[in-house]
Amino acid sequence: MDRRTFLKAGAGAVALSGLAAPAYSQGANARTLRFVPQANLANFDPIWGTQYVVRNAAVLVWDTLYGFDSNLQPQRQMVESEEVSGDGLTWSFRLRPGLKFHDGSAVTSKDVVASITRWMARDSMGLMVKALMQEFVAVDDRNFRLVLSKPYPKLLVALGKNSTPMAFIMPERLAKTDPFQQVSEYIGSGPMRFVRNEWVPGAKAVFERFADYQPRQEASNWLAGGKRMLVDRVEWIIMPDPATASAALQNGEVDWWENPITDLIPQLRRNRNVRADIADPLGNIGAFRMNYLTPPFNNVKARQAVMAALSQEDYMAALVGGDQQMWKPLPSFFTPGTPLYTEEGGEILKGPRNLDLAKRLLAESGYAGTPVPCIVAQDQPITKAMGDVTADLLKRIGFNVDFVATDWGTVGQRRAMKNPLGQGGWSMFHTWHAGADAINPAVYIAIRANGERAWFGWPDVPSVETEVTNWFEAKNLDEEKAAIRRLNKAAMENVVYAPTGFFLQYQAWRANVTGVGKGPIPFFWGVGKS
Amino acid sequence: MFNYIVRRVLATIPVMAIVALFVFSLLYIAPGDPAAVIAGDQATPDDVERIRASLGLDRPFLVRFGEWVFRILQGDMGVSIFTNLPVTTMIQQRIEPTLSLMVLTVILAVSVAIPLGVIAAWKQGTLIDRAVMGMAVLGFSVPVFVVGYLLAYIFALELDWLPVQGYTALSEGLWPWLENLILPAVALGGVYIALIARITRATMLEVLSQDYIRTARAKGAGQGSILFLHALKNAAVPIVTVIGIGIALLIGGAVVTESVFAIPGLGRLTVDAILRRDYPVIQGVVLLFSFVYVLVNLGIDLVYTLFDPRIRY
Amino acid sequence: MASATVMAPAAPPATLPPGINAAPVMPDVLPPVKARKGVLGFIRRHPTMSVGLFIIATMIFIAIFAPYLGTTDPTALAPARRTREPSAQYWFGTDMLGRDVYSRVMYGARVSLLVGFAVAFCASIIGLTIGLVSGYIRLADSIIMRIMDGLMSIPPILLAIALMALTRGSVQNVIIAITIAEVPRVSRLVRGVVLSLREQPYVEAAIAAGTRTPTIIIRHILPNTLAPLTVQATFICAAAMITESILSFIGAGTPPIIPSWGNIMAEGRALWQVKPYIVFFPAIFLSITVLSINLVGDGLRDALDPRMAKRL
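Residues numbered from 1 in each chain as written. Chains lettered and ligands numbered in written order. Predicted model: local features only at pLDDT ≥ 70, side-chain atom pairs only at ≥ 80, totals over all residues. Heavy atoms only, no water.

## Side note on the overall build of chain A
Along the backbone of chain A there are 16 helices and 23 strands. A compact globule built from 530 residues should have a C-alpha radius of gyration of about 24 Å, and chain A, at 24 Å, falls within 12% of that. The C-alpha extent of chain A, read off along each of the three principal axes, is 80 × 65 × 40 Å. Classification of the 530 residues of chain A by burial places 62% in the buried group. Sequence-distant contacts, at least 24 apart, represent 73% of the contacts inside chain A between residues at least 6 apart. If the 57 positive side-chain charges of chain A are averaged to one point and the 53 negative ones to another, these points end up 3 Å apart. (Helix = DSSP H or I, 4+ residues; strand = E, 2+ residues; numbered from the N terminus. Rg over C-alpha atoms; globule rule 2.2 N^0.38 Å. Buried < 20%, exposed > 50% of the residue type's maximum accessible area, 1.4 Å probe, protein only. Contact = heavy atoms within 4.5 Å. Lys, Arg positive; Asp, Glu negative; His and termini not counted. Charge placed at Lys NZ, Arg CZ, Asp CG, Glu CD.)

Have a look at this one:
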C-alpha cells in the first residue's frame, strides 16, 4: 500500500465514513489500461486523417486483410487464403469465417470491396492499384476477386502496410462515405470497440474489449497473428504537458506513456515502479521540408544552401538530448539497418558544416531577402525543438526568417495550401517519419517527387520518380538496391527534403504492466496488468 | 423593488448582445478566408465554395449575425472544425469538471479569505495584519501555473498525498472527486483568496468604525459576536459583490489550472480551440463563460436586493 | 490578470447597487503633511513603496543595460551544452537548446516590462479618452457604456486569448490584446470620476459662467482623474505582466523566439521536475517585479487617497 492509498483508507475510515465509497475496485482497475498517447485524437477516420495518432487508435478498432509482422512482411489477418493466377493479374481472396463488426453484423466481401475502394482513393499505393484495376467484385459473402491489367507484385504490402492510410475494413454503409469526407460512425471489426459516448476530444478516448472478436491462432506479431486483448478497457488520456504525464506515471495514475521526452527518462528510471525502453528500434527520421512552389526554396541552390549548413548533431541534441545512444547521423533518406539503406550522394550532409558555401549558394539562388515563413508546431516536442534550431540556422545563412509558431493541427492545414507567399503560402515545416515508413518507396510517401501530386512541399524531381518506377519493377534485391542508390543520390542533389537525423524515442510504463512490445505502433494486444 | 428587478434583468440583455456581437465578429476580424479556415486541410475549392455558401458570406453581416443568434438561442452553437462534433456536445462533456473546480474553489476561498480578512481588520496594524496583507499582495504577484507546479511537486510527487492530475466524476464517489480537485482548487484559489481577504478587511474596517459597533461594544458584546454577527453582516454586500466579480479571475485562471493538472474541462477546451483556431468552439466557450459571469453577478445583485432590507429602490 | 483591477478600491465594482458606499472614488483634499524632506524621509514614511520603487528601478536598469550585464546572445543556440545546471559559467544554467538562461532572463526583462508599461500607458490613455467622452456627452454615454459592459462581461484573460487567437503572436499584438481587455475598467473609473466632478459646485459654476468644455475638462476634470488613474495604471501594469506570462504559457503569447519571462517559463515547463531552474529564475524575477509594482500601487493609493490609507 502506498502512502496515498493508506491516507485514503484512513480518511475513508475516519473523516469520510458514510460518504460514497470509492467506485474503483481493485479488480476493475487491473482490467483497465490507462495510456498516454503522443497527441490528441481529434478526429477518428483513419482513411481521411493520416496522423500517426489516428492510425494508432484505429488499429484497435478496425482490422485489416493483411498485417505487417516485425520483419515488415505482410501476413494474413482477416483473409483466410488468397490465390493469384499464373499471369499475376487475377487475385482471389477468401475471408476468415466468423468475422463480425462491433454492431453485430457479419463482415462480408461487400464491406471489403467498399472499404478498399475508399482507401484506394487516398493512398499512394492504393492509387497505383486503382490505376491497374480492371475488376473488383464480391463473389459471395466470403470471396472477392481483384483483376488487374498489369501485375502488381506489392499488392499484399499495400493491403498490410502500417504506413498511413492503412487499408482498414469498415461496414459497407460507412465505406460508401466520400473519401474526402469523414465517416460519422466508428464501427470496425477489430479487437476493441470504440466507446463513443465517453470520447472527449482533447482529453480522453475509451476502447472496450469486443467479445465477439475472433483472433487468429498464430502468436501475435505486430499487426499479424492473434490480437488477444488481456485487458477489458483501454483509456487514452491526453496530456498536453509532458511534466504532468511524467508525474502521473510516477504516481501510478497512468500505466503507459507513449512518448516521454528524453530528458525525463533518468528521473523515470529512478522510480522502481517505472520501466522505460526504446519504443521502436526502427526509430524516426526528422524532416525539414521545403516548398517547391514558393521562393526561395523553389530554387535548388537555396535548398542546397540549407543542406550545406545543416548540422544534424544540433538537431538531434535539441531533440533527444545528450544521449548518444539515441541518435545517428543520417546522410540518407532511408532507415538505417534496413536492406535498402544507402548513403549514396549523402556527402553534402557529412563533415564539418560549411556556412560560407551555404551563403554563396544562397546568393547564387538570387534570394533577395523576402520573408521565409517557417511553420513550426509548438505542441509537438519533436517539431518544436527542430523549429528552434532551424530558425537559428536559417538566420545564420542569411534568410529572413518569418517564424510562425502554431500547433500541429494548424500545420496540417497550412501545409496543404499551395498559395503564393503572403496568401497563406509557406516555405518550410518540420515533421518526422517513422523508420518503418521509410524502408522503401512503396510506403514512403515523403520521398516521392511527382510535383503537384507529391506530398506537401510538392517536390518535382523527375529523376527520383524514374528510380521509384525502377524500384517497383525491380526483379531482385540487387536491382532494388541499385535503384534506391540512384534515388537517394538524386533526392540528395535536388533536396526532396532535408533529413535532420535518425533518432530513437522512449516509451515508459508501470512495472506491473506486462507485454509492452517494440514497434512503430503501440500494440495493445498481449499487454496485461498484474 | 419589483421594478428594479425587472430593470436589472432587462439590462443584461444589451450586455449579452454586445458579447454575442463581439464573439460573432471574431471569425470575420481574423485574417484569411473564414470559409477556407473552416474547410481545413484536405478541402477542394468546391468544398470551400460550399462552406462559403453555407456560412452565407455573400449576405449582409447583420443578417448573418441575426441568424446566428437565433440558432444559439435554440441551443445550436455550430460544429467544431476539428472534431466535427456539435459545440454544445463538447461543452456538455466538459462542463462538470470545470463547474466542480469553480464551486470548490469558491467554497475554499470564501472559507479561508473571510476569516483572514476579519482577523486582519480586527488586529489592524499588527504583525498578523501585515502578514495577511503581505500574503494577499503576493497572491496577486505569482502566476497561477507556478503555484500549480509547486503544489503538484510538494503534495503529489514528494509527499504523495494527492494525485497529480486528472478528474474523477462525482458519480464515482465523493473522495475520488475531491482528491483530484484539492490541489487545482488551492492553486486557482490563491488570487481569489487575496482579493476577498483584502476587500473583507477594508469593509470591516469601515464598518468597525461605525457608531452601532461602538454601541455594541459599550453594551459589552463579546469580541467574536461583534466581529462575526454585527460587523460582518453589515459588511456583507461589498464582499459578496467582489466574490461575484472575482468569478472572472477564476474563469481566466481555470484555463491555465486545467492545463497544469490535466483536467478535462472547459478551460482546456478553450486553450485547445484557440491554438487550433477552432472558431465555433472559441465562440461557444467565450459566450458561455461570459453568460455565466453575467448571470452570477445578476444573481448576486438580486439576492441582496431581496434579502438586505436596507436596499430599497 | 484583472485581480489588481478589481481589488483597487479606486474602481467601484460596476454591479454595486447604488447607495452602497463600498469603495469611494473621490480623493479628498490632501492633508497637510509635515513631511521630512529628501529621500531618507520618503523612505521612512513609505518603506514598502521605497523597496518597490527600488526593485522596479533595478529591473528597468536590467532591461536597458541587458547587453552589458555579462550576457551573451539570448537566442544563440548551442544544443551541445544543453540543460547545464547553474554554474560559474552559466549563472542560471542553460535551457534545452543550450541557450543561456541568465542572458534570457536579463533580456526577458525588456519584453515583460515593455508589455506591462505599454499596456498600462495605452489602457490609461484610451480609457481616459473614452471615460471623458462618456462622462461628458450624455448621448454617447449610454452607447459607450453598454459596449464597455459587454466587454467587461468577458473575463479579461479569456478576452485577451480570444484576441490572440485572431492574430499572429507578436509583442505588439500581445500589448493590443491585453490593452483591449483592460480598457473597459479604466473608462468606467474615469467616467465615474467625471460624473461626480460634474456635480461639484465649482464645476457647475464654471459651466454656468460659460467656460468652454475643453477648458473645463483640462482645468478641472483632468487633474482630478489623474490620481485614481495613476493608481489604476500601476495595477494594470502588474496585471498585464502576469497576463503576458499566462498567454505565453498556453502558447498564445509573444513568439517563442523572443525571450520574455513568460516565454522562458513556457519553454521550461516540460522539464519542470528535472531542471526546475529554467522555470524558477524567470518566475522569481516576474513575481518580484509584479509584487513591487503592486506595492507601489498600494503606496500610491495610500498617499493620494488618505481616506483609503487608513484602511488598506
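## Overview of unusual backbone geometry
All names here are of chain A. The amide bond that connects T164 to the next residue, P165, takes the cis arrangement and shows omega of -15°. Inspection of the secondary structure puts P165 in the loop between α6 (155–160) and β9 (168–169). Of note, W222 is a non-glycine position whose phi angle comes to about 55°, a positive value. Position of W222 relative to the elements: it lies in the loop between β11 (204–209) and β12 (233–237). Not every positive phi belongs to a glycine, and W458 is a case in point at roughly 50°.

## What about the nonpolar core?
Counting residues in hydrophobic clusters, the biggest one holds 364 residues, and the most contacted among them are F44, L65 and F207 of chain A. Broken down by element, the residue count for this core peaks at 18 residues, all from helix α8 (residues 174–208) of chain B. The residues touching F207 of chain A, leaving out its near neighbours within four places in the chain, are F44, A57, L60, V61, M192, R193, F194, V195, D232, R233, V234 and W236 of chain A. (Core = buried A, V, L, I, M, F, W, Y, C linked by side-chain atoms within 4.5 Å.)

## What about the interface of chain A and chain C?
At the junction of the two partners, chain A supplies 27 residues and chain C supplies 17 residues. On the chain A side of the interface with chain C, the three residues burying the most area are A243, D263 and D388 of chain A, jointly 24% of the side's total. On inspection of chain A and its partner chain C, the count reaches 3 salt bridges. A salt bridge links E267 of chain C to K384 of chain A, with the nearest nitrogen and oxygen atoms 2.6 Å apart. Applying the counting rule to chain A against chain C returns 5 residue pairs in polar contact (both at pLDDT 80 or more). (Buried area = accessible area lost by both parts, 1.4 Å probe. Salt bridge = Lys/Arg side-chain N within 4 Å of Asp/Glu carboxyl O. Polar contact = N/O pair within 3.5 Å; in protein donor to acceptor, adjacent residues only side chain to side chain.)

## Quick word on a nonpolar patch on the surface
Residue and element names in this part refer to chain C. A cluster of nonpolar side chains, contributed by I60, F61, I64, F65, Y68 and F117, occupies part of the molecular surface with about 610 Å² of accessible area. Broken down by element, the residue count for the nonpolar patch peaks at 3 residues, all from helix α3 (residues 47–64). Structurally, the position occupied by F61 is in helix α3. (Patch = residues over 30% accessible without salt bridge, like charges linked within 9 Å, V, L, I, M, F, W, Y side chains within 5 Å. Areas by Shrake-Rupley, 256 points an atom, 1.4 Å probe, with all protein chains shown as cover.)

## Here's the deal with the pairing of strand β18 (residues 400–406) of chain A
Residue and element names in this part refer to chain A. The pairing of strand β17 (residues 371–377) with β18 spans 7 bridges and is parallel. What sits directly across from I375, in β18, is V404. Crossover β17 to β18 through helix α13 (residues 381–397) is right-handed. (Pairing = 2+ DSSP bridges. Right-handed = clockwise from strand over helix to strand, strands pointing away.)

## A closer look at the domain arrangement of chain A
Residues and elements named next belong to chain A. Segmenting chain A into domains produces domain 1 (3–44 + 190–281 + 506–529), domain 2 (59–175) and domain 3 (284–503). Its C-alpha centre places domain 2 at a distance of 33 Å from the equivalent point of domain 3. On the domain 3 side, the residues contacting the 10 residues of domain 2 number 11 residues. When domain 2 packs against domain 3, the two sides together hide about 930 Å² of surface, and 64% of this comes from carbon and sulfur. For the domain 2 face of the interface with domain 3, the top three residues by lost area are L72, K154 and S163, together amounting to 43%. There are 1 salt bridge connecting domain 2 and domain 3. (Domains from an automatic or database assignment.)

## Details of the pattern of salt bridges
If you walk through the whole model with that rule in mind, you get 44 salt bridges over all chains. As a salt-bridge pair, K350 of chain A and E343 of chain A come within 3.1 Å of each other at their nearest N and O atoms. A relative accessible area of 34% means that E343 of chain A is categorised as partly exposed. The network of salt bridges with common partners includes K384 and D388 of chain A together with D95, R99, R104 and E267 of chain C.

## Section: the sheet that holds strand β7 (residues 133–138) of chain A
All names here are of chain A. Strand order across the open sheet formed by 4 strands is β5-β6-β8-β7, with antiparallel pairing between neighbours. Of all the strands in the sheet, the pair left with one neighbour each is β5 (79–84) and β7. If you compare each strand with its neighbour and ignore which way they point, the axes differ by 15° on average. When strand β6 (residues 90–95) meets strand β8 (residues 143–148), the two strands line up antiparallel, connected through 5 bridges. Following the sheet pairing, W91 is matched in β8 by L146. The strands that helix α4 (residues 109–120) touches are β6, β7 and β8; relative to β7, the one it contacts most, it runs at about 145°. Contacting β7 and β8, helix α5 (residues 124–132) crosses the sheet at an angle of about 100° to β7. (Axes fitted to C-alpha atoms, helices over the stretch in contact; angles between N-to-C directions.)

## Describing the interface of chain B and chain C
Residue-level contacts link 60 residues of chain B with 56 residues of chain C. At the boundary of chain B with chain C, total buried surface from both sides reaches about 5100 Å², with 76% on carbon and sulfur atoms. Broken down residue by residue, the surface that chain B buries against chain C is led by F145, Y149 and R198 of chain B, which jointly contribute 12%. The shortest N-O distance in the salt bridge between D298 of chain C and R198 of chain B comes to 3.0 Å. For the pair chain B and chain C, the interface holds 6 residue pairs in polar contact (both at pLDDT 80 or more). Contributing elements (two or more residues each) for the side of chain B that touches chain C: α1 (2–29), α6 (127–141), α7 (144–158), α8, α10 (223–245), α11 (247–260), α12 (266–275) and α13 (279–307) of chain B. Split into classes, the residues belonging to the side of chain B that touches chain C amount to 46 nonpolar, 8 polar and 6 charged. (Nonpolar A, V, L, I, M, F, W, Y, C, P; charged D, E, K, R; others polar.)

## Concerning α4 of chain A
All names here are of chain A. Look at α4: 16 Å from first C-alpha to last across 12 residues, which is about the 16 Å you get at 1.5 Å a residue. The buried fraction of α4 is high, at 10 of 12 residues. Considered for burial, the residues of α4 that qualify are S109, D111, V112, V113, A114, S115, I116, R118, W119 and M120. (Expected span 1.5 Å × (residues − 1).)

## Some thoughts on the state of the cysteines
Residue and element names in this part refer to chain C. On inspection of all chains with the given rule, the structure shows 0 disulfides over all chains. No disulfide involves C237; its sulfur sits 12 Å from the nearest other cysteine sulfur, which is in C122. For C237, a relative accessible area of 3% gives the class buried. (Disulfide = S-S within 2.5 Å.)

## Overview of the domain arrangement of chain B
Residue and element names in this part refer to chain B. As assigned here, chain B comprises domain 1 (2–73) and domain 2 (87–312). The partner domain 2 presents 15 residues to the 17 residues of domain 1 that form the contact. Of the roughly 1400 Å² buried at the junction of domain 1 and domain 2 (both faces included), carbon and sulfur atoms supply 83%. On the domain 1 side of the interface with domain 2, the three residues burying the most area are R8, M16 and V23, jointly 32% of the side's total. Counting across the domain 1 and domain 2 interface gives 1 salt bridge. Across the pair D301 and R8 runs a salt bridge whose closest N-O atoms are separated by 2.6 Å.

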